[in-house]
Amino acid sequence: MPLRPTATVSLLVLALASATPAFAQQPAALPAPVAESSTPATGPRSDLHAQVLLDRAHFSPGQIDGLTGSNQKRAVAGFQAARGLKVTGELDDATWQALQPDATPVLARYTLTAEDVAGPFAPIPKKPAEQAKLKALGYASVDEALGERFHASPELLRALNPGVDLAKAGSEIQVPNIAPAALPKAAKLVIDKSDSTLRLYDAQGKVYAQFPVSSGSKHDPLPIGKCKWKILGISRDPTFHYNPKLFWDASKKESKALLPPGPNNPVGRVWIDISKPHYGLHGTPEPGHVGKTESHGCVRMTNWDALQVADAVDASVPVVMQE
C-alpha cells in the first residue's frame with residue numbers, strides 16, 4: 001500500500017526515584033539518570049533526512065541509518081559535483097536547497113501485510129557446505145527483510161518503532177520515506193577505487209546516479225587500467241558456485257559448493273558479469289559493510305542498489321575501473 005507521510009514524534013523517558021525518609025541515617029537517594037535516547041534525529045535537515053533525500057535523488061548513502069558516516073559524505077560530495085555545487089561532502093545550505101528538503105517528509109507510515117511477515121525466516125549458516133544444503137538463502141529475520149525493503153538498517157527500524165511488533169501483520173510502523181524509481185539507461189559505468197563509488201553517466205557525460213561500493217583488496221585488486229570491460233550478462237537471484245581456490249582466506253578443508261539463491265547469497269540478489277574472468281558487480285548479504293570493508297576483487301553493493309544498476313545497464317554499456 002502507498003506510504004503516508006507522518007510527522008516526527010520525539011520520545012522522552014523520565015526516570016523517577018523515591019526519596020529516602022527524612023529520619024533515615026543515610027543521605028537521600030539521587031534521582032536515576034535520564035537514559036539518553038539512541039534514536040537518531042528525525043527532524044528536518046537531520047542526517048536521516050539527508051540520507052532519505054539522497055536515496056531518492058539516486059546518490060545512494062548505502063544503508064540508511066541516520067548517522068553521519070563515510071557513505072553519507074560520499075553521497076553528498078557526488079550530489080554536489082553533479083549539481084555544480086562546491087564539493088565539500090558537508091550538508092551546507094546550498095546542498096540542502098538543492099535537495100529540496102521542504103518537499104519531502106523524513107518518515108512515512110506503513111502498515112505491515114501478511115506477506116511482509118510470512119517469511120520463512122531462518123538463521124544463515126556460516127559455512128558454504130551448510131548453506132548448500134538449504135533450498136534458499138532467504139532473510140534471517142523480518143527485521144532484515146524490512147530493512148532491505150526500506151533501504152534501512154534493522155537497528156534504525158527498531159529505534160523508530162519502539163514497542164511495535166515488527167512480525168505482526170497490521171502493525172503500523174514508521175519507515176524512511178524512500179521512493180524507489182527506475183533509472184534511465186546508462187551510457188557508461190565507472191567504478192572509482194579512490195572514493196569507493198560506482199557512477200552512472202548519461203550520453204552527455206554527466207553523472208546522474210552514484211552508489212557506494214566495496215571493491216578489491218590487496219589480495220584481489222580491482223582490475224584498474226585503460227581497458228573498458230564489457231558486460232557479458234545479468235543474472236537476478238543467481239546461484240553461486242563457491243570455489244575455495246578462488247578465495248585467499250578459504251579453508252583448505254572446504255570443497256566446492258553450489259549455493260542457492262536469495263538475498264543472503266554471497267552475491268546477493270543480482271550478478272552483473274563482466275569480461276574480466278571471475279569478476280562482477282553484485283549485491284551482498286551484508287549491506288552495512290558496503291563502502292567500509294574490502295571485497296574478494298568484485299564490486300559489491302547493497303542489494304537494492306545493485307538491482308537498480310542492473311536495470312540501467314546492458315551489454316552496450318562499457319565498464320571502467322579507475323583510481
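As the structure is a prediction and not an experimental result, all values here were calculated from the model. (Residues numbered from 1 in each chain as written. Predicted model: local features only at pLDDT ≥ 70, side-chain atom pairs only at ≥ 80, totals over all residues. Heavy atoms only, no water.)

(A) Spotlight on the pattern of salt bridges. For the structure shown, the criterion picks out 12 salt bridges. In this structure, Arg109 engages Glu172 in a salt bridge whose closest nitrogen and oxygen atoms are separated by 3.7 Å. In this pair, Arg109 is assigned in strand E2 (residues 107–111) and Glu172 in strand E3 (residues 172–176), connecting sequence segments 63 residues apart. Arg158 is the salt-bridge partner of Glu155, the closest N and O atoms lying 3.8 Å from each other. With Glu155 and Arg158 both in helix H7 (residues 154–160), this residue pair falls 3 residues apart, about one helical turn. Given a relative accessible area of 40%, Arg158 falls into the partly exposed group. Because the salt bridges share partners, they merge into one network encompassing Asp143, Glu155 and Arg158. (Salt bridge = Lys/Arg side-chain N within 4 Å of Asp/Glu carboxyl O. Helix = DSSP H or I, 4+ residues; strand = E, 2+ residues; numbered from the N terminus. Buried < 20%, exposed > 50% of the residue type's maximum accessible area, 1.4 Å probe, protein only.)

(B) Representation of unusual backbone geometry within the structure. Going from Gly119 to Pro120, the amide bond is cis rather than trans, its omega being 5°. Tracing the chain through its elements places Pro120 in the loop between helix H4 (114–117) and helix H5 (128–131). Here Gln100, not a glycine, exhibits a phi torsion of approximately 55°, which is positive. Looking at the secondary structure, you find Gln100 in the loop between helix H3 (93–99) and E2. Its identity is not glycine, yet Asp237 carries a phi of approximately 50°, on the positive side. Along the polypeptide, Asp237 turns up in the loop between strand E9 (231–236) and strand E10 (240–242).

(C) Fine view of the sheet that holds strand E5 (residues 197–201). Taken together, 5 strands build an open sheet; the order of strands is E6-E5-E4-E15-E8 and the sheet is mixed. Where the open sheet ends on each side, the last strands, each with one partner, are strand E6 (207–212) and strand E8 (228–229). Sheet topology note: the E5/E6 ladder contains 5 bridges and is antiparallel. Residue Leu200 lies in a different strand from E6, and its bridge partner there is Ala209. Along the sheet, helix H2 (residues 70–82) contacts E5 and E6; its crossing angle with E6, the most-contacted strand, is approximately 170°. Helix-sheet contacts for helix H8 (residues 303–312) involve strand E4 (188–192), E5 and E6, and the interaxial angle to E6 is about 145°. (Pairing = 2+ DSSP bridges. Contact = heavy atoms within 4.5 Å. Axes fitted to C-alpha atoms, helices over the stretch in contact; angles between N-to-C directions.)

(D) Structural view of the confidence of the model for the chain. Here the chain averages 86 in pLDDT, while 83% of its residues score no lower than 70. Throughout residues 1–37 the model reports pLDDT below 50, and contacts reaching past four residues in sequence, or to other chains, amount to 37 contacts. (pLDDT = per-residue confidence, 0-100.)

(E) Just empty space enclosed by the protein, in detail. Per the stated rule, a full pass over the model turns up 1 cavity of 30 Å³ or more. For the largest cavity, the calculated volume is near 40 Å³. For the largest cavity, the full set of lining residues is Asp55, His58, Phe59, Ser60, His151, Phe211, Trp304, Asp305 and Gln308. Ranked by residues supplied to the lining of the largest cavity, first place goes to H8 with 3 residues. (1 Å grid on protein atoms, 1.4 Å probe; cavity = no way out; pocket = protein on both sides within 12 Å on 5 of 7 lines; lining within 4 Å. Points joined across faces, edges and corners; volume = space filled by probe spheres on them.)

(F) Spatial organisation of the pairing of E5. Most of E5 is tucked away, with 5 of its 5 residues classed as buried. Burial along E5 is two-sided: the residues Thr197, Arg199 and Tyr201 and Leu198 and Leu200 are all buried. Where E4 meets E5, 5 bridges bridge the pair, whose relative direction is antiparallel. If you follow Leu189 over to E5, its bridge partner there is Leu200.

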